[in-house]
Amino acid sequence: MRINLTIRTMLCLVLSLGAASAAALPVPNGAGSGSEHLLDIRRFTPAILAAVPTSSKNAEANPNELRITGLGGGSAQWTIVVLLTFLTLIPSILICMTPFARLLIVFHFLRQALGLQTTPSNQTLVGLSAIMTFFLMQPIGAEIYANSVVPLQAGNITALDAIARTATPMRQFMSHYVRDKDVALFLEIAKEPRPANISDVSFRVLLPAYILSELKAGFQIGAVLFLPFLVVDMVVASITTSVGMMQLPPVVISTPLKLLLFLMVDGWHLLIGALMRSFN
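Counting from 1, residues in each chain are numbered in the order their sequence is written. Local features are withheld for residues below a pLDDT of 70 in this predicted model, meaning they are given only at 70 or higher, and side-chain atom pairs are given and counted only at 80 or more; totals for whole chains, interfaces and linings count all residues. Values shown for side chains rest on all heavy atoms present in the structure; no hydrogens or waters enter the calculation.

### As for the layout of surface pockets
Any empty space left between atoms is shown by rolling a water-sized probe over those atoms. The following threshold applies: In this analysis a 1.4 Å probe is tested at points of a 1 Å grid over the protein atoms alone, and where it fits but cannot get out there is a cavity; an open set with protein on both sides within 12 Å along at least five of seven lines is a pocket; lining residues have an atom within 4 Å of a point. Grid points are joined across faces, edges and corners, and a volume is the space filled by probe spheres set on the points. Per the convention used, a helix needs a DSSP run of H or I reaching at least four residues, while a strand needs a run of E reaching at least two, with both numbered from the N terminus.
In this structure, the second largest pocket occupies an estimated 220 Å³ of space. Taken together, 14 residues make up the lining of the second largest pocket; nearest its centre are L225, F262, G267, L270 and L271. Of all the secondary structure elements, the ones that give two or more residues to the lining of the second largest pocket are α9 (203–242), α10 (250–264) and α11 (267–277). Looking at which element gives the most residues to the lining of the second largest pocket, the answer is α11, with 5 residues.

Spelled out as structure tokens, the structure:
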């Protein structure tokens, strides 16, 4: 559009200067109709300028152009603000409303139980937890997309209606894994009346109760996971002490033994399978 405006401005300047110069030139007596055509160039100026495209709507669409349209018939500016705000909240949503916290806690407990400090790395554990979370939340995401995003893009519902529809499947998911004890705690702190059932609990109470329940579940699984490796540490420590190997740290012997035990029982397969089944 800027290029079209520049072309129009240049044509205006050229035609105006040409018409002014032609008008200032002396007209010979025998010039006849030739000079009249020279001076009449000003009459064709509007027609020439009209031939220049004035809007980018008539121009061919650029296939590499990025266009953001408003959702639900709204303005593109507010759509960008909503999308950027949502992007900043994704980490909190991922931690507080999904099984991500429980999975990550269990994986960190496993690394400590094996006696490994940096293997697997934090990035590997976070990536594994994110993939497992996506696997578990994919049915809920598909339901949210079909009931909220598609009608919003079609303009059939507003953004507030889409948010209300999104809250329903998330509430159902969190209600399955929240403990009544944690819900009662936050109901007492918030001074809210006791609801008839879990579906009547507000998100103000349900969210902290859910993350507290996930933390407790993660620590419970991690503590159970520690027990067999703790037995290996105790056996190795007692043997090295009894034979007088005081200068040899027990961890030098126990770590390879724990890794061998973990690989012999196919520990990753058992652990991931147990975690996935815990969310059925």
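### Details of helix α6 (residues 122–154)
Applicable threshold: Helices are assigned an expected span. That span is 1.5 Å times one less than the residue count. Consider a residue and the seven residues that end there alongside the seven that start there; fitting an axis to each set, the bend is the angle between those axes. Between buried and exposed lies partly exposed: a residue is buried under 20% and exposed over 50% of the maximum accessible area for its type, with that area taken using a 1.4 Å probe on protein chains only.
Over its 33 residues, α6 runs only 41 Å from end to end, short of the ideal 48 Å by more than 12%, given 1.5 Å per residue. Its maximal kink placed at M137, α6 deviates by approximately 55°, while the proline P139 follows within four residues. Those residues of α6 that fall on the buried side of the exposure criterion are L125, S129, M132, T133, L136, M137, I140, I144, S148, P151 and L152. In the segment just after α6, G155 is the residue with positive phi, at about 80°.

### What about the confidence of the model for the chain?
The predicted coordinates ought not to be read in detail in places where the model reports low pLDDT. Heads up, the rule is: Looking at any residue, its pLDDT shows the predictor's confidence there, from 0 to 100. Two residues qualify as a contact provided that any one of their heavy atoms is within 4.5 Å of a heavy atom in the partner residue.
For the chain, the mean per-residue pLDDT works out to 75, and 73% of the residues sit at or above 70. Looking at the elements of the chain, mean pLDDT is at its lowest for helix α2 (residues 33–39), recorded as 43, and at its highest for helix α5 (residues 100–113), recorded as 90. When the criterion is pLDDT under 50, residues 47–59 qualifies, and its contacts beyond four places in sequence or with other chains add up to 13 contacts.

### Thoughts on the packing of helix α7 (residues 159–177) against α9
Threshold: Geometry is summarised by axes, namely lines fitted to C-alpha atoms with helices restricted to the contacting stretch, and by angles between N-to-C directions that run from 0 to 180 degrees. We call two directions roughly parallel when the angle between them is under 35 degrees, roughly antiparallel when it is over 145, roughly perpendicular when it lies between 65 and 115, and oblique otherwise. Should the near helix be turned anticlockwise from the far one by less than a right angle, the crossing is termed left-handed; should it be turned clockwise, right-handed. Residues are grouped as follows: nonpolar covers Ala, Val, Leu, Ile, Met, Phe, Trp, Tyr, Cys and Pro; charged covers Asp, Glu, Lys and Arg; every other residue, Gly included, is treated as polar.
Between α7 and α9, the shortest axis-to-axis distance is 10 Å and the interhelical angle comes to 45°. With respect to α9, the element α7 is oriented oblique. By crossing handedness, the relation of α7 to α9 is classed as left-handed. Residue-level contacts link A167, R171, F173, M174, S175 and Y177 of α7 to F203, L206, L207, Y210, S213 and E214 of α9. Here the contact of α7 with α9 is built from residues that sort into 8 nonpolar, 2 polar and 2 charged.

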